[in-house]
Amino acid sequence: MGANAKKRREAAATSGSMSRQDKINAAAPKGGGGPNKILLATIAAIVAIAAVVGAVIMGSQGEKTDSAGGSALPAGATKMGGGLVSNTSATLVDKAPTLDIYEDFQCPACHQAEQLLGAKIDELAKAGKIKLTYHVMNFLDTNLKNDASTRAAKASFCAADAGKFQPVHDAIFTNQPANEGDGWTDEQLKKFVTDAGVDAAAYDSCVKSDKHAQYLDAVQTQTTKDGVTSTPTFKLNGEQMKLAGMTPDTFAKAIEDATK
Amino acid sequence: MSNVVADDLEQVPDARRDSLRETIGLVARLIVGVVLVVAGALKVTHPLDSARAVMAYEIFPWAVSRIIGYALPMVEIILGLLLIAGLFTRAAAVIASLLWLAFIIGIASAWVRGLQIDCGCFGGGGALAAGESPNYFWEEARDIGLLLLSLWLVRWPRTRLSADSAMFG
């Protein structure tokens, strides 16, 4: 039985190799001018490498502020991609810590954090107990397939130029739509800004000029580089705060501890 | 006893066995290829988001993450197109297998470290919002399935309706 099987296996192997040889023979004559596999593979590899390198170059170009809009910094921001200080008018106490807040206006978790801590943050900022710095991001536009984060961010920057970033920021979050992705209309945004006391004509011309477009892009890029992968992110003197379980009191305590 | 089984296998005509293999290969090629093209196409227009998704794994610094984030969608599209066409099937399947392996390790590492992230496999990505929980189990199961299909193609790259067989016989 063993010998039988062996014989059969040999037969199978022979016929297998023969059929392959047959195929090679059959292919050879008619494939005289056929495609050269090595040449084709080389071309394919070169095209593939070029495409990948191209994608990396395009991506790197995208990091630069290539937005069509203007390159003005909103009041409170000192450099492209940097945060916007909302309480520049407050006199900071000695050794006041810097609180960096990374937010996207469409982020529901940011809304929750604002509802919980917003009043306390405003109070501390007005008293000069923190240097309150906002990094307004717009990455959720991609996820939600709209442009509401971008429009809201630009509205808040136009308000910043009139010294009204904080109230407009607060109004945008207070009026965040219940359904994530519904966004705000241009009229709603304008109302938040004018209600805060900004001149309507000044706001209109600011929006029309799109002067802060590159700043917004730069903030989004810089925060990504800094490893901020989620919003809200709170950093106290550069150190990320654990927001889970935070209350206004424990938050105030953390600020106090960082002041020493 | 095992010989009986072996004998039975050998009695299956070569042509029929090859034909079954080539059909399975075609299905494997199309599944892996379409998944790769879709995953790549959803990310390729948003390179910065793709780079942020890589950053969320907290494995690579920005300098490395950005290259991976920018290059990966294009690599996925090219590999996917090659597999769909059945061109250079074995080479494409080898690279695809390495990709799945890298994804499986990356997601496993996020899982064991307790990170709360979206894999970013089909765009999006980054940390999850409060109240969302990761889908690591299904992401891993999917990638392991795709790895097995790709390994099949590495082992048996001859497939039905492929550019390889049309062009090179």
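Our structure's up above, just so we're on the same page.
Presented here is a report on the structure given in the accompanying data block.

Moving on, we come to the pattern of salt bridges. Proximity of charged atoms lets side chains of opposite charge pair with each other. All names here are of chain A. Within the structure shown, the criterion is met by 13 salt bridges over all chains. Between Glu-123 and Lys-120 there is a salt bridge; the shortest N-O distance is 3.7 Å. Placement of both Glu-123 and Lys-120 in helix 3 (residues 108-126) is noted, with a separation of three residues, approximately one turn of the helix. Taking relative accessible area as the criterion, Glu-123 reaches 47% and is therefore assigned partly exposed. The exposure class of Lys-120 is buried, given its relative accessible area of 18%. One network of salt bridges, with partners in common, ties together Asp-147, Arg-151 and Asp-186.

Another aspect to go through is the packing of helix 2 (residues 14-44) of chain B against helix 4 (residues 62-85) of chain B. When two helices pack together, their arrangement is captured by the angle between the axes and the distance separating the axes. Residue and element names in this part refer to chain B. Look at helix 2 against helix 4: their axes get within 7 Å of each other, and the N-to-C directions meet at 150°. Classed by the angle they form, the pair helix 2 and helix 4 counts as roughly antiparallel. Both helix 2 and helix 4 take part in a crossing whose hand is left-handed. Of the residues in helix 4, those in contact with Arg-29, Leu-30, Val-32, Gly-33, Val-34, Leu-36, Val-37, Ala-39, Gly-40, Ala-41, Lys-43 and Val-44 of helix 2 are Pro-73, Met-74, Glu-76, Ile-77, Leu-79, Gly-80, Leu-81, Leu-83, Ile-84 and Ala-85. Within the contact of helix 2 with helix 4, the residues separate by chemical class into 16 nonpolar, three polar and three charged.

If you look at the biggest cluster of nonpolar residues, it comprises 52 residues, and the most contacted ones within it are Leu-99, Ile-121, Phe-234 and Phe-251 of chain A. The element that contributes the greatest number of residues to this core is helix 5 (residues 148-161) of chain A, accounting for eight residues. Apart from residues no more than four positions distant in its own chain, Leu-99 of chain A is found in contact with Ile-121, Ile-130, Lys-131, Leu-132, Thr-133, Phe-234, Lys-235, Leu-236, Met-241 and Phe-251 of chain A. One finds Leu-72, Trp-100, Ile-104 and Leu-147 of chain B within the second-largest nonpolar core, a separate group that totals 16 residues.

All names here are of chain A. As summarised here, the arrangement of the five strands in space is 1-3-2-4-5, forming an open sheet in which the pairing is mixed. Edge strands, defined here as strands with exactly one partner in the open sheet, are strand 1 (84-85) and strand 5 (239-240). For strand 1 and strand 3 (residues 131-137), the ladder comprises two bridges, and the chain directions are antiparallel. By the bridge assignment, Leu-84 is partnered in strand 3 with Tyr-134. Sheet strands touched by helix 6 (residues 165-174): strand 1, strand 2 (98-104) and strand 3. Its angle to strand 3, the strand with the most contacts, is close to 50°. Along the sheet, helix 9 (residues 213-225) contacts strand 1, strand 2 and strand 3; its crossing angle with strand 3, the most-contacted strand, is approximately 100°.

All right, on to unusual backbone geometry then. Cis geometry marks the peptide bond from Thr-231 of chain A to Pro-232 of chain A, where omega comes out at 0°. You can see Pro-232 of chain A is positioned in the loop between helix 9 and strand 4 (233-236). The backbone phi angle of Lys-95 of chain A is positive, close to 60°, even though this residue is not glycine. Positionally, Lys-95 of chain A belongs in the loop between strand 1 and strand 2. Residues other than glycine seldom take positive phi values, yet Leu-161 of chain B does so here, at roughly 50°. Looking at the element boundaries, Leu-161 of chain B is found in the loop between helix 6 (136-155) and helix 7 (163-168).

This part takes up the packing of aromatic side chains. Two measures describe an aromatic ring pair: the distance that separates the ring centres and the angle between the ring planes. Residue and element names in this part refer to chain A. A complete count under the given rule lists nine aromatic pairs over all chains for this structure. Ring centres of Phe-105 and Phe-173 lie 5.2 Å apart, and the angle between their planes is 50°; this geometry places the pair in the tilted category. Of this pair, Phe-105 sits in the loop between strand 2 and helix 3 while Phe-173 sits in helix 6, and the two are 68 residues apart along the sequence. Taken individually, Phe-105 and Phe-173 each receive the classification buried, so the pair is uniform in this respect. Ring plane angle 80° and centroid distance 6.3 Å describe the contact between Phe-234 and Phe-251, whose orientation is recorded as edge-to-face. Placement of the pair is Phe-234 in strand 4 and Phe-251 in helix 10 (residues 248-259), with a sequence separation of 17 residues.

This part covers the state of the cysteines. Covalent bonding between the sulfur atoms of two cysteines is what defines a disulfide. Residues and elements named next belong to chain B. What the rule picks out here adds up to three disulfides over all chains. Shown here is the disulfide that connects Cys-119 with Cys-121, its sulfur atoms set 2.0 Å apart. Residues Cys-119 and Cys-121 agree in their burial class; the two are buried. Disulfide connectivity for chain A, with bonded cysteines indexed by sequence position, reads 1-2, 3-4.

The next thing to look at is the environment of Val-228 of chain A. Relative to the helices and strands, Val-228 of chain A resides in the loop between helix 9 and strand 4. With a relative accessible area of 3%, Val-228 of chain A lands in the buried category. Residues Val-228 of chain A and Gln-240 of chain A, 12 residues apart in the sequence, show an inter-C-alpha distance of 9.9 Å. Those residues in contact with Val-228 of chain A that sit more than four places away from it in its chain are Tyr-102, Met-137, Thr-223, Thr-233 and Lys-235 of chain A together with Arg-52 of chain B.

All names here are of chain A. As for its placement among the helices and strands, Ser-156 is situated in helix 5. A residue is classified by how much of its surface remains accessible, and Ser-156, at 0% relative accessible area, is buried. Excluding residues that lie within four positions of it along the chain, Ser-156 makes contacts with Phe-105, Phe-165, Val-168 and Ile-172.

The next point concerns the pairing of strand 3 of chain A. Successive residues of a regular strand alternate their side chains across the two faces of the sheet. Residue and element names in this part refer to chain A. Counting buried residues in strand 3 gives six out of seven residues, a clear majority hidden from the surface. Here seven bridges tie strand 2 to strand 3, and the two strands are oriented parallel to one another. Counterpart to Tyr-102 in the pairing with strand 3 is His-135. In this fold, the crossover linking strand 2 to strand 3 by way of helix 3 has right-handed handedness.

The rules behind the values
Along each chain, numbering runs from 1 in the same order as the chain's sequence is written. Chain labels run from A onward and ligand labels from 1 onward, assigned in the order the entries are written. In keeping with the model being predicted, local features are shown solely for residues with a pLDDT of at least 70 and side-chain atom pairs are shown and tallied solely at 80 or more, while totals for entire chains, interfaces and linings include all residues. The basis for every side-chain value is the complete set of heavy atoms in the structure, and neither hydrogens nor water enter the calculation. One side-chain nitrogen of Lys or Arg within 4 Å of one carboxyl oxygen of Asp or Glu is enough to make a salt bridge. Comment: elements are numbered from the N terminus, with helices defined as DSSP H or I runs of at least four residues and strands as E runs of at least two. Burial classes follow relative accessibility: with a 1.4 Å probe on protein chains only, a residue under 20% of its type's maximum area counts as buried, one over 50% as exposed, and anything between as partly exposed. For helices, the fitted line uses only the C-alpha atoms of the stretch in contact; every axis is such a line through C-alpha atoms, and the angle between N-to-C directions lies from 0 to 180 degrees. Angle categories: roughly parallel below 35 degrees, roughly antiparallel above 145, roughly perpendicular from 65 to 115, and oblique for all the rest. Less than a right angle of anticlockwise turn of the near helix away from the far helix marks a crossing as left-handed, whereas a clockwise turn marks it as right-handed. By the convention used here, residues are in contact when the closest approach between their heavy atoms is within 4.5 Å. Polar here means any residue outside two lists: the nonpolar Ala, Val, Leu, Ile, Met, Phe, Trp, Tyr, Cys and Pro, and the charged Asp, Glu, Lys and Arg; Gly therefore counts as polar. Residue types Ala, Val, Leu, Ile, Met, Phe, Trp, Tyr and Cys, when buried and joined through side-chain atoms within 4.5 Å, form a set referred to as a nonpolar core. Should DSSP find at least two bridges between two strands, the strands are regarded as paired. Classification of ring pairs rests on two measures: the distance between centres of Phe, Tyr or Trp rings, Trp counted by its six-membered ring, which must be within 6.5 Å, and the angle between planes, read as stacked under 30 degrees, edge-to-face over 60 and tilted in between. Any two cysteine sulfur atoms within 2.5 Å of one another count as a disulfide. Look down the strands so they point away from you; if the path from the first strand over the helix to the second goes clockwise, the crossover is right-handed.

Any functional reading would require information that these geometric values do not contain.
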